[in-house]
Amino acid sequence: MTITEERDTMSTLFTKIINGELPGRFVWKDPDVVAFLSIGPITDGHTLVVPRQEVDDWTDIEPELLNKLNAVARVIGRAQKRAFGSERAGLMVAGFEVPHLHVHVWPTNSLADFDLSRADTDPKESHLDDNAERLRTALREDGHTDMVPNQ
């Protein structure tokens, strides 16, 4: 079996999080898309919006699913601005960290916040938990209660 074939038969890290095999701080779950806090946040509230379907490169995703992914990212970004008092919400598709499409969305007040090398590599668990709850609260206030998990 080649490395490519082996990778194609293995679940990605994000699929394992989605399936509950690994922990994740989910702020959104629907039949097609999930969102959970980054474990290496560049700002408080940094969230990854991920399709349930394993797609590596964003240029390979079906247009309808890409539209859904972007719509959820927009909802998350709007809630982040209010929950974390930021001027804007940043959005980036990088795709080098995990071979499963994911959209980074984070509260931002500066272009300096777009530098992934500035990510906190050792955030406190309690701080991430608090950030997840702040974002869940804002999403519920925005009318998205059905998509926001309790934890």
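Definitions and cut-offs
All residue numbers refer to positions counted from 1 along the written sequence of the respective chain. Where totals are concerned, whole chains, interfaces and linings use all residues; where local detail is concerned, this predicted model gives features only for residues with pLDDT of at least 70, and gives and counts side-chain atom pairs only at 80 or more. Only hydrogens and water are set aside when side-chain values are computed; all heavy atoms of the structure are taken into account. The criterion for strand pairing is that DSSP finds at least two bridges linking the strands in question. We count a stretch as a helix when DSSP gives it H or I for four or more residues in a row; a strand needs E for two or more, and each element gets its number in order from the N terminus. Every axis in this analysis is a line fitted to C-alpha atoms, fitted for helices over the stretch in contact. Angles between the N-to-C directions lie between 0 and 180 degrees. Note on definitions: a residue-residue contact is assigned when non-hydrogen atoms from the two residues lie within 4.5 Å. Here a polar contact means two N or O atoms within 3.5 Å. Within protein one must be a hydrogen donor candidate and the other an acceptor candidate, and residues neighboring in sequence count only if both atoms are side-chain atoms. When a carboxyl oxygen of Asp or Glu lies within 4 Å of a side-chain nitrogen of Lys or Arg, that pair is called a salt bridge. Relative accessible area decides the class of each residue, using a 1.4 Å probe on protein chains only: under 20% of the type maximum gives buried, over 50% gives exposed, and in between gives partly exposed.

Chemist: Break down the sheet that holds strand E2 (residues 33-37) for me, with residues and values.
Modeler: One open sheet holds the five strands; their spatial order is E1-E2-E3-E5-E4, and the pairing between them is antiparallel. Two strands in the sheet have a free side with no partner beyond their single neighbour: strand E1 (26-29) and strand E4 (88-92). Within this sheet the neighbouring strands show an average axis-to-axis angle of 20°, counted without direction. Sheet analysis places E1 next to E2, joined by three bridges and oriented antiparallel. Looking at E2, one finds that Lys29 is bridged to Val34. Sheet strands in contact with helix H4 (residues 125-141) are E1, E2 and strand E3 (47-51), and its direction is about 40° off that of E1.

Chemist: Give a description of the side chain of His46 that names residues and reports values.
Modeler: Tracing the chain through its elements places His46 in the loop between E2 and E3. In terms of polar contacts, His46 uses its side chain to reach the backbone amide nitrogen of Ile42, at 3.0 Å. Aside from chain neighbours lying at most four places away, what touches His46 is Leu37, Ser38, Gly40, Pro41, Gln80, His104, Val105, Trp106, Pro107 and Leu116.

Chemist: Before we move on, can you summarise the pattern of salt bridges with the specific residues and values?
Modeler: By the definition in use, this model includes eight salt bridges. Linking Asp32 and Lys68 is a salt bridge whose minimum nitrogen-to-oxygen distance equals 3.2 Å. Here Asp32 is found in the loop between E1 and E2, whereas its partner Lys68 is found in helix H3 (residues 63-84), with 36 residues between them in sequence. Residue class for Lys68 comes out partly exposed when judged on its relative accessible area of 28%. Ionic pairing is found between Arg140 and Glu133, a salt bridge with its closest N-O pair at 3.3 Å.

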